[in-house]
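A closer look at the structure
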Amino acid sequence: MTATPEDNSLSVSMLRLTAEHLKQIKLPQLVRPAVGPDAPPTIELIHWAVQAYCFPWIRHMSALVNGIILLTDSDNKAAVRIVGRSSFEFCAHAYYVKKHVKQHIDAKDLSAAWNFLLPIGTGSRYINEFHHPEESELFPAPPHISKAVNCFKEVMANGMEDDSYLSEFCHPNTMTFQQHYRWTTPYTIDFVNQVAFGAFGAIAGSSVHGLMAIHELLKISNERQVNGAIVTLLEAIVDQHREDKP
């Protein structure tokens, strides 16, 4: 996984633009429709659940991308990879959610849509493994992130490899360690900063697909205010790409 300095520069410009736009988005209050726990889900409840997923996704993605920019500006490339893995998986998850929600809505199966969205919004592997091992409606098991990353291959051809590459730098292994030293002789190690960076393309590319998935989800839920800001951001990314294209 390699990238030229020019590729990295274009990707960083796109991420910087994304960071600026995301942190300016104002999220409205969400009010849950008055649908009882035993009543069949309504389309209004599905729309609410979709927005209850998209809004915190936007807020957290803003934190991640703004963090990536701060780390980049301080030349902390090793940490960029760690945060970049998280943003990559968030974008894969958005695509996964969009795909399945759309399938259920197109099939007019509101119960399937609700049963899919419930563990998406309330599931936690940590809670299930350490505090409530018996799965229930209150403590559903969320889908494993590997399902989302595998699904992401539909739009990110190297999705599995990109995620695996970024994941390597989150753990103690040779790829992590070799960012900080080099062999100067067969017997000597010198400790230097030699973080050769090739991850910006995967981080930026996944961000575009994640934002497009959120746009489609908000459109499905008939949300206009926040989605308008997402559309403005996507259009700004396209305009920037046209201007930077040689």
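The structure we're discussing is the one just above.
The following paragraphs examine the structure supplied in this document. Predicted model, so just to flag it, every value in this text is computed and none were measured. (Residues numbered from 1 in each chain as written. Predicted model: local features only at pLDDT ≥ 70, side-chain atom pairs only at ≥ 80, totals over all residues. Heavy atoms only, no water.)

Considerations on the overall build of the protein chain
A tally of helices and strands in the protein chain yields 10 helices and 2 strands. Going from the N terminus to the C terminus, the protein chain shows its helices and strands as α-α-α-α-α-α-α-α-β-β-α-α. On the principal axes, the C-alpha backbone points of the protein chain span a range of 70 × 50 × 30 Å. The buried share of the protein chain, reckoned over its 246 residues, is 40%. At a minimum sequence separation of 6, the contacts of the protein chain that also span at least 24 residues come to 69%. Taking the average location of the 20 positive side-chain charges in the protein chain and that of its 26 negative ones, the two points are 3 Å from each other. (Helix = DSSP H or I, 4+ residues; strand = E, 2+ residues; numbered from the N terminus. Buried < 20%, exposed > 50% of the residue type's maximum accessible area, 1.4 Å probe, protein only. Contact = heavy atoms within 4.5 Å. Lys, Arg positive; Asp, Glu negative; His and termini not counted. Charge placed at Lys NZ, Arg CZ, Asp CG, Glu CD.)

Remarks on the pattern of salt bridges
In the structure shown here, the tally under the stated rule is 8 salt bridges. A salt bridge links Glu20 to Lys23; the nearest nitrogen and oxygen atoms lie 3.3 Å apart. A salt bridge links Asp106 to Lys102; the shortest N-O distance between them is 2.9 Å. Here the residue Asp106 and the residue Lys102 both occupy positions in helix α3 (residues 77-106), the gap between them amounting to 4 residues, near one helical turn. (Salt bridge = Lys/Arg side-chain N within 4 Å of Asp/Glu carboxyl O.)

Quick word on a nonpolar patch on the surface
Where nonpolar side chains cluster on the molecular surface, the patch consists of Tyr126, Ile127 and Phe130 and spans about 340 Å² of accessible area. Judged by its relative accessible area of 30%, Ile127 is partly exposed. (Patch = residues over 30% accessible without salt bridge, like charges linked within 9 Å, V, L, I, M, F, W, Y side chains within 5 Å. Areas by Shrake-Rupley, 256 points an atom, 1.4 Å probe, with all protein chains shown as cover.)

Here's the deal with the packing of helix α2 (residues 43-73) against helix α4 (residues 110-122)
Contact geometry for α2 and α4: axes closest at 10 Å, N-to-C directions at 25 degrees. Taken together, α2 and α4 sit at an angle that is classed as roughly parallel. Handedness of the α2/α4 crossing: left-handed. For the pair α2 and α4, contact is made by Ile43, Leu45, Ile46, Trp48, Ala49, Val50 and Tyr53 and by Leu110, Ala113, Trp114, Leu117 and Ile120, respectively. Looking at the contact of α2 with α4 residue by residue, the class counts come to 12 nonpolar, no polar and no charged. (Axes fitted to C-alpha atoms, helices over the stretch in contact; angles between N-to-C directions. Parallel < 35°, antiparallel > 145°, perpendicular 65-115°, else oblique. Left-handed = near helix turned anticlockwise from the far one by under 90°. Nonpolar A, V, L, I, M, F, W, Y, C, P; charged D, E, K, R; others polar.)

So, helix α9 (residues 200-220)
Its 21 residues give α9 an end-to-end C-alpha distance of 30 Å, which sits within 8% of 30 Å, the value for a rise of 1.5 Å per residue. In the stretch just after α9, Asn222 is the one whose phi turns positive, near 60 degrees. (Expected span 1.5 Å × (residues − 1).)

A word on the environment of His171
Within the secondary structure, His171 sits in the loop between α7 (159-168) and α8 (174-177). For His171, a relative accessible area of 41% puts it in the partly exposed group. Between the alpha carbons of His171 and Ile82 there is a distance of 9.3 Å; along the sequence they are 89 residues apart. Leave out the neighbours within four places in its chain, and His171 touches Arg85 and Thr176.

So, the pairing of strand β1 (residues 181-185)
Summarising the sheet, β1 and strand β2 (residues 188-191) pair through 4 bridges and their orientation is antiparallel. Note on β2: the bridge partner recorded for Tyr181 is Phe191. Taking the residues that link successive antiparallel strands as the turn, the β1-β2 hairpin has 2 residues. (Pairing = 2+ DSSP bridges.)

Remarks on the nonpolar core
Residues Leu15, Tyr53, Trp57, Ile58, Val97 and Ile214 are the most contacted members of the largest nonpolar core, which totals 59 residues. Where this core is concerned, the elements lending two or more residues are α1 (5-22), α2, α3, α4, α6 (145-152), α7, α9 and α10 (225-244). Residue contacts for Val97: discarding those within four places in its chain leaves Tyr53, Phe116, Leu117, Ile120 and Leu217. (Core = buried A, V, L, I, M, F, W, Y, C linked by side-chain atoms within 4.5 Å.)

Details of the side chain of Gln51
Mapped onto the fold, Gln51 is located in helix α2. Excluding residues that lie within four positions of it along the chain, Gln51 makes contacts with Leu30, Pro56, Leu218, Ser221 and Glu223.

Purely geometric stuff here, so don't read any function into it on its own.
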